[in-house]
Amino acid sequence: MPPAPPQSHSPLTAASIAATRASLMKHAARDAVDYIEGIDAMPVAPRPEAVANLRHLCGPLPPGPTSPETVLHLLTEFGAPATVANAGGRFFGFVNGGAVPAALAAAWLVSAWDQNAAFQVQSPVNAALEETALGWVRELLGLPEGCGGAVVTGATMANFCCLAAARHALLTRAGWDADNDGLFGAPPITIVVGEEVHASLVKALGLLGLGRKRVVRVPTDGQGRMRADALPHLDAMTILCLQAGNVNTGAFDPAAAICPDARAVGAWIHIDGAFGLWAAASPEYRKLTAGFDQADSWATDAHKWPNIGYDCGVALVRDPGTLRAAMSINAAYLMEGATREPAHYNPELSRRARAVELWAGLRSLGRSGMAEIVERTSSHARRFAAGLRETGFEILNDVVINQVMVSFGEPEKTLRTIARLQADGTCWCGSTVWHGRTAMRISVSSWATTRDDVERSLAAMIKAATED
């Protein structure tokens, strides 16, 4: 005989469930608002003692239930102080943006709605808003009409989806059914990338069985741009991967010089534009994206410059049929409607309705708001570069958008400066190595960054660098 189910202290009723949820969510909302209101006074990186206190949240699973109120209290008391203040205006690491208010509020609703966004029958609202938001992204990025795609977790999965579509299209063209027959014995595909290719694209190639090292690397110039004069032979079995926005310098590959010849021979052109592609939304910076509209696929993040919140990425393909062919799923129990079904365009069958957050953020910004984020954060980056240069420190890149690299001298001094700055807590920047030079990287990506944030952070940087 199976063991008897555990007895609750009081029987569940619809009224008790509703009351418990409502009370807890109101408490959580108050805690979340308190966190946001206090974020400017927080150290950007958590203090060591806050990280050490996470031990109170670890350990063995309790033998019995814990009240939801106690769970929430533990998270607020010990979890919140150990967060990185990415939602504030002075986090300049990893090209991480914050979340615009409409996207943040929508994320709360999405969690309350608890939708599985795979098929329209499971979430009509997500299906409608996903298709709408993808259209808005296409327009903002200046891409061809007819593009289709998917809302995914980030640029890694966006690259994965786009490259899967490319693999499918090229092998189908060669008479090979990779979906059913796999890659063993398949006609070879040549992958061409720049020397400064981002690690997320390389990871996607590995996941797809195309090989992390089995690529042709094209030399780049001093800013990390692919050299058009150094391209290898391209043909109809080539996937050419260009970059819009180098993660260190912000530089753009010269797509206008490269794409026409690549298209003429039938190569598939893919753009890794995690943040840089959004420059197309700005009249001031749109020129940097010239030629990228000639590609066959584009991968970008919405949790970077659009500031939608984590996690949210977008994959777009000129011919959405190729993406559907690579990603579709069918089973007798899956109830397919007459319109676009999200599950046919991304790797996941179980997925959060993150497209609602994307829709909310873009709807709140509009065209001018999106342009303003790009232009204001890029202006902040120029101010950082000017202030550090005036103090005598070396800026290692041409500041074309929101990325700045600065050397404070010898590698040891630069690393000491970064460590002091991170410990100080006024702002947060990370380190990088660029062409053999150790540098601090400043990525200005958040809508919440103000001029005061920039000046406070600049003063903290200079102080940290001049303490020797």
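The coordinates are above.
Every chain is numbered on its own, with residues counted from 1 as its sequence reads. Predicted model: local features are reported for residues with pLDDT of at least 70 only, side-chain atom pairs are reported and counted for 80 or more only, and whole-chain, interface and lining totals are derived from all residues. Each side-chain value is worked out from all heavy atoms of the structure, with water and hydrogens disregarded.

We now examine the layout of surface pockets. One water molecule sets the probe size; rolling that probe over the atoms shows where empty space is left. Of the volumes computed, that of the largest pocket is approximately 1100 Å³. Cavities and pockets are found on a 1 Å grid laid over the protein atoms alone: a cavity is a set of points where a 1.4 Å probe fits but cannot escape, a pocket is an open set with protein on both sides within 12 Å along at least five of seven lines, and a lining residue has an atom within 4 Å of such a point. Contributing to the lining of the largest pocket are 35 residues, with Ala32, Tyr35, Ile36, Leu104 and Trp108 lying nearest its centre. Each helix is a run of DSSP H or I of at least 4 residues and each strand a run of E of at least 2, with the numbering of both proceeding from the N terminus. Listing elements by their share of the lining of the largest pocket, those giving two or more residues are helix 1 (14–37), helix 3 (68–79) and helix 4 (101–113). Throughout this entry, Asp, Glu, Lys and Arg are counted as charged residues, while Ala, Val, Leu, Ile, Met, Phe, Trp, Tyr, Cys and Pro are counted as nonpolar. The remaining residues, Gly among them, count as polar. For the lining of the largest pocket, the class distribution of residues is 23 nonpolar, eight polar and four charged. Grid points are joined across faces, edges and corners, and a volume is the space filled by probe spheres set on the points.

What a helix is expected to span follows from its residue count: subtract one and scale by 1.5 Å. A rise of 1.5 Å per residue sets the reference length of helix 13 (residues 451–465), with its 15 residues, at 21 Å; its end C-alpha atoms lie 21 Å apart and thus fit the reference within 8%. Two residues form a contact once any of their heavy atoms are found within 4.5 Å. Summarising the contacts, the buried residues of helix 13 are in contact with helix 11 (354–390), helix 12 (411–424) and strand 11 (437–443).

At their nearest, the axes of helix 6 (residues 155–173) and helix 10 (residues 320–327) sit 8 Å apart, and the two run at 95° to each other. Between helix 6 and helix 10, the crossing angle belongs to the class labelled roughly perpendicular. Where helix 6 approaches helix 10, its residues Phe160, Cys161, Ala164, Ala165, His168 and Ala169 are matched on the opposing element by Thr322, Leu323, Ala325, Ala326 and Met327. A per-class count over the contact of helix 6 with helix 10 returns nine nonpolar, two polar and no charged. For every element, the axis is a line fit to its C-alpha atoms; helices are fit only across the contacting stretch, and the angle between N-to-C directions ranges from 0 to 180 degrees. Angle categories: roughly parallel below 35 degrees, roughly antiparallel above 145, roughly perpendicular from 65 to 115, and oblique for all the rest.

Next up on the list: empty space enclosed by the protein. Enumeration over the complete set of coordinates arrives at one cavity of 30 Å³ or more. If you add up the space inside the largest cavity, you get close to 70 Å³. Together, 14 residues line the largest cavity, and Gly194, Val197, Cys241, Leu242 and Gln243 are the ones closest to its centre. The set of elements that each furnish at least two residues to the lining of the largest cavity consists of strand 2 (190–194) and strand 4 (238–243). By residue number, the principal contributor to the lining of the largest cavity is strand 4, which donates three residues. Among the residues forming the lining of the largest cavity, the class breakdown is five nonpolar, five polar and four charged.

A few words on the pairing of strand 4. Each residue gets one of three labels from its accessible area relative to the maximum for its type: buried under 20%, exposed over 50%, partly exposed in between, using a 1.4 Å probe on protein chains only. By the criterion of burial, strand 4 is predominantly enclosed, with six of the six residues buried. Side chains Thr238, Leu240 and Leu242 project from strand 4 onto one buried face, and the interleaved Ile239, Cys241 and Gln243 project onto a second face that is buried too. Looking at chain direction, strand 2 and strand 4 are connected through three bridges and run parallel. Across the sheet, the residue bridging to Ile191 is Ile239, located in strand 4. We call two strands paired when DSSP finds no fewer than two bridges between them.

Before going further, it helps to examine the sheet that holds strand 2. The strands that make up a sheet are held in pairs by hydrogen bonds between backbone atoms, and each pair lies either parallel or antiparallel. Overall, mixed pairing links the seven strands, which are arranged 1-7-6-5-4-2-3 in an open sheet. The outermost strands of the open sheet, each flanked by one partner alone, are strand 1 (148–152) and strand 3 (216–218). Taking the axes of each pair of neighbouring strands and ignoring which way they run, one obtains an average angle of 15° across the sheet. Judged from the three bridges that link them, strand 5 (residues 268–272) and strand 6 (residues 297–301) form a sheet pairing that is parallel. Note on strand 6: the bridge partner recorded for His270 is Ser297.

Among the seven residues of strand 11, six are classified as buried, and the element is accordingly described as predominantly covered. Inspection of the sheet shows strand 9 (residues 403–407) paired to strand 11 by four bridges, in the antiparallel sense. The residue of strand 11 that forms the bridge with Val406 is Met440. Pairing of strand 10 (residues 430–434) with strand 11, which is carried by five bridges, proceeds in the antiparallel orientation. Directly across from Val433, in strand 11, lies its bridge partner Thr438. Where strand 10 folds back onto strand 11 in an antiparallel hairpin, the turn is made up of two residues, including His435, whose phi is positive at roughly 50°.

Moving on: the pattern of salt bridges. Should the charged atoms of two oppositely charged side chains come close, the side chains can pair. Put simply, a salt bridge is a Lys or Arg side-chain nitrogen that is within 4 Å of an Asp or Glu carboxyl oxygen. Summed over the entire model, instances satisfying the criterion amount to 21 salt bridges. The partner of Arg227 in a salt bridge is Asp229, with the nearest N and O atoms 3.1 Å apart. Note on Asp229: relative accessible area 62%, which makes it exposed. For Arg420, the salt bridge goes to Glu467, with nearest N and O atoms at 3.5 Å.

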